[in-house]
Amino acid sequence: MKKSSLLAVLVCGVLFGLGLSLASMVKPEVVIDFLLFRDLGLLLVLGTAVLVTLLAYQLGPKILKKPVLESRYGNYVSALDIRTLLGAGIFGLGWGICGVCPGPAIAGLGVGNWPLLYTLAGIAAGAYIQGKWVAPR
Amino acid sequence: MTEFFPQGYASYVIGGLLIGSAISLLYLLTGLIGGMSTVFTSTWSYFSQAPYFSEVRFRSSRVWRLVYALGLILGGLVYLSMSRETFVTEISPWRLLLGGVLMGFGARLSNGCTAGHGICGLASLRVSSLLAVIIFLATAIAVAHLMQSLGIH
């Protein structure tokens, strides 16, 4: 990948991490308050993020024939099958137990929320188990 | 309505707009789909020869995914430098770790997390992502209520 693309990736990552921090998603306590219906702020976060991305994904390719720095647009790959649905259930179980999802677990390190290292280690272990023993051959 | 938003609306809306802008900009500039769980699989390709980790889709994306993750940490640091207020969670380590293992396994089995299915998948109008979001939200809500009623902290 070109250096300019990697720089763009870095800048977008910084924006993403800043957004997650501002939206309090790096605080498991706030996410758990959402799951207990005490603070519905997470719905606003998800709603606004989806709305902006929907515009970019749907209108972007109509306005720009190809991405500014690369030759083609990617596609979100998702199959409607048992793995997707079962995986989502297991993911939700874990999310409800710890209160952070993967992105905020990474961004949270930047705001000094060091116990999220436990979560990061857990996610890495879970991804290893999936890839090593459960992935389709 | 304020009873449902004790912390107000602003930080949530601005945060969500920033997150959406980040994923949108990534797509318009590079064509990449900016989910956040694949990095936990693609990074294993540096250390493991297992067939799954060696797939091209992981090996070819492992560099930018790590750069993206680095950006997330830097974004948190930018926030810290503006707010000058660190936050350290009081959730117990066993919950953070166990939750992480289940999330890592589940997200990779499902091929998406809250960012992947929740933002990229919904914005791609994928029915499977919509179902995944409904399932993980419902499960997480049920688990949180169960833990609350059992008095687990």
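What counts as what
Residues numbered from 1 in each chain as written. Chains lettered and ligands numbered in written order. Predicted model: local features only at pLDDT ≥ 70, side-chain atom pairs only at ≥ 80, totals over all residues. Helix = DSSP H or I, 4+ residues; strand = E, 2+ residues; numbered from the N terminus. Buried ≥ 20, exposed ≤ 12 C-beta atoms within 10 Å, placed from the backbone. Contact = placed C-beta atoms within 7 Å. Nonpolar A, V, L, I, M, F, W, Y, C, P; charged D, E, K, R; others polar. Axes fitted to C-alpha atoms, helices over the stretch in contact; angles between N-to-C directions. Parallel < 35°, antiparallel > 145°, perpendicular 65-115°, else oblique. Left-handed = near helix turned anticlockwise from the far one by under 90°. Expected span 1.5 Å × (residues − 1). Bend = angle between axes of the 7 residues up to and from the residue. Core = buried A, V, L, I, M, F, W, Y, C linked by C-beta atoms within 7 Å. pLDDT = per-residue confidence, 0-100.

Asks: Please clarify how the overall build of chain A should be interpreted in this entry.
Replies: The secondary structure content of chain A amounts to six helices and zero strands. In chain A, the succession of helices and strands from N to C terminus is α-α-α-α-α-α. Within chain A, buried positions represent 57% of all 137 residues. Within chain A, contacts between residues separated by at least 24 positions form 48% of all contacts whose residues are at least 6 apart in sequence.

Asks: I keep staring at the overall build of chain B and nothing clicks. Help me out?
Replies: Across its full length, chain B carries seven helices and zero strands. Mapped in sequence order, the helices and strands of chain B form the string α-α-α-α-α-α-α. Projected onto the principal axes, the alpha-carbon positions of chain B cover approximately 50 × 35 × 35 Å. When burial is assessed residue by residue, chain B has 54% of its 153 residues classed as buried. Residue pairs at least 24 apart in sequence account for 44% of intrachain contacts in chain B once pairs closer than 6 positions are excluded.

Asks: Explanation requested: the interface of chain B and chain A in the structure shown.
Replies: Buried accessible area, meaning the area lost when the parts come together, often serves as the stated size of an interface. Contacts between the two partners involve 105 residues from chain B, matched on the other side by 105 residues from chain A. Residue assignment for the side of chain B that touches chain A shows that the elements contributing at least two residues are helix 1 (10-30), helix 2 (39-42), helix 4 (62-83), helix 5 (93-110), helix 6 (116-123) and helix 7 (127-149) of chain B. The greatest single-element share of the side of chain B that touches chain A, amounting to 20 residues, is contributed by helix 1 of chain B. When grouped by side-chain class, the residues that make up the side of chain B that touches chain A number 68 nonpolar, 34 polar and three charged.

Asks: I would appreciate a short explanation of unusual backbone geometry in the present structure.
Replies: The backbone phi angle of S24 of chain A is positive, close to 65 degrees, even though this residue is not glycine. Mapped onto the fold, S24 of chain A is located in the loop between helix 1 (3-22) and helix 2 (28-35). Backbone geometry places R84 of chain B, a non-glycine residue, at a positive phi of 55 degrees. R84 of chain B sits in the exposed class, given 7 other C-beta atoms within 10 Å.

Asks: Quick question: what am I supposed to make of the packing of helix 1 of chain A against helix 4 of chain B here?
Replies: The axes of two packed helices give the description: the angle between them and the distance between them. One can describe the packing of helix 1 of chain A onto helix 4 of chain B by two numbers: an axis separation of 6 Å at closest approach and a directional angle of 45 degrees. Here helix 1 of chain A lies oblique to helix 4 of chain B, going by the angle between them. Crossing geometry of helix 1 of chain A relative to helix 4 of chain B is assigned as right-handed. When its residues are assigned to classes, the contact of helix 1 of chain A with helix 4 of chain B shows 20 nonpolar, six polar and no charged.

Asks: What am I meant to see in helix 3 (residues 41-63) of chain A here?
Replies: Each α-helix turn comprises 3.6 residues. Residues three or four places apart therefore point the same way. Helix length check: helix 3 of chain A (23 residues) gives 32 Å between terminal C-alpha atoms against 33 Å at 1.5 Å per residue, within 8%. Most pronounced at Y57 of chain A, the bend in helix 3 of chain A amounts to some 30 degrees, and the proline P61 of chain A follows within four residues. Turning to helix 3 of chain A, its buried residues are G41, L42, L44, V45, L46, T48, A49, V50, V52, T53 and Y57 of chain A. Structurally, helix 3 of chain A contributes buried residues whose contacts are with helix 2 of chain A together with helix 1 and helix 6 of chain B.

Asks: Help me understand the nonpolar core, please; the structure alone is not making it clear to me.
Replies: Side chains of a nonpolar character, in soluble globular proteins, are inclined to be buried together. Counting residues in each nonpolar core, the largest one holds 91 residues, and the members touching the most others are V45 of chain A together with I19 and F136 of chain B. Every residue in contact with V45 of chain A, bar those within four places of it in the chain, is listed here: A23 and M25 of chain A together with Y12, G15, G16 and I19 of chain B.

Asks: Would you take a moment to explain the packing of helix 4 (residues 82-98) of chain A against helix 5 of chain B for this structure?
Replies: With their axes 7 Å apart at the nearest point, helix 4 of chain A and helix 5 of chain B run at an angle of 160 degrees to one another. Comparing the axis directions of helix 4 of chain A and helix 5 of chain B gives the class roughly antiparallel. Judged by the twist between their axes, the crossing of helix 4 of chain A over helix 5 of chain B is left-handed. In terms of residue class, the contact of helix 4 of chain A with helix 5 of chain B is made up of 16 nonpolar, seven polar and two charged.

Asks: Can you help me understand the confidence of the model for chain B in this one?
Replies: Looking at chain B as a whole, its pLDDT mean stands at 95, while 99% of the residues score no less than 70. Taken together, the chains of this predicted complex give a pTM of 0.96 and an interface ipTM of 0.96.

Asks: Would you mind showing me how to read helix 7 of chain B here?
Replies: Between the first and last C-alpha of helix 7 of chain B there are 33 Å, a value that for 23 residues agrees with the 33 Å anticipated at 1.5 Å per step. Packed against the buried residues of helix 7 of chain B are helix 2 and helix 4 of chain A together with helix 5 and helix 6 of chain B.

Asks: Teacher, can you tell me more about the environment of R126 of chain B here?
Replies: The topology assignment puts R126 of chain B in the loop between helix 6 and helix 7. Using a count of 22 C-beta atoms within 10 Å as the deciding quantity, one classes R126 of chain B as buried. Other than its neighbours up to four places away in sequence, R126 of chain B contacts Y76 and S78 of chain A together with G121 of chain B.

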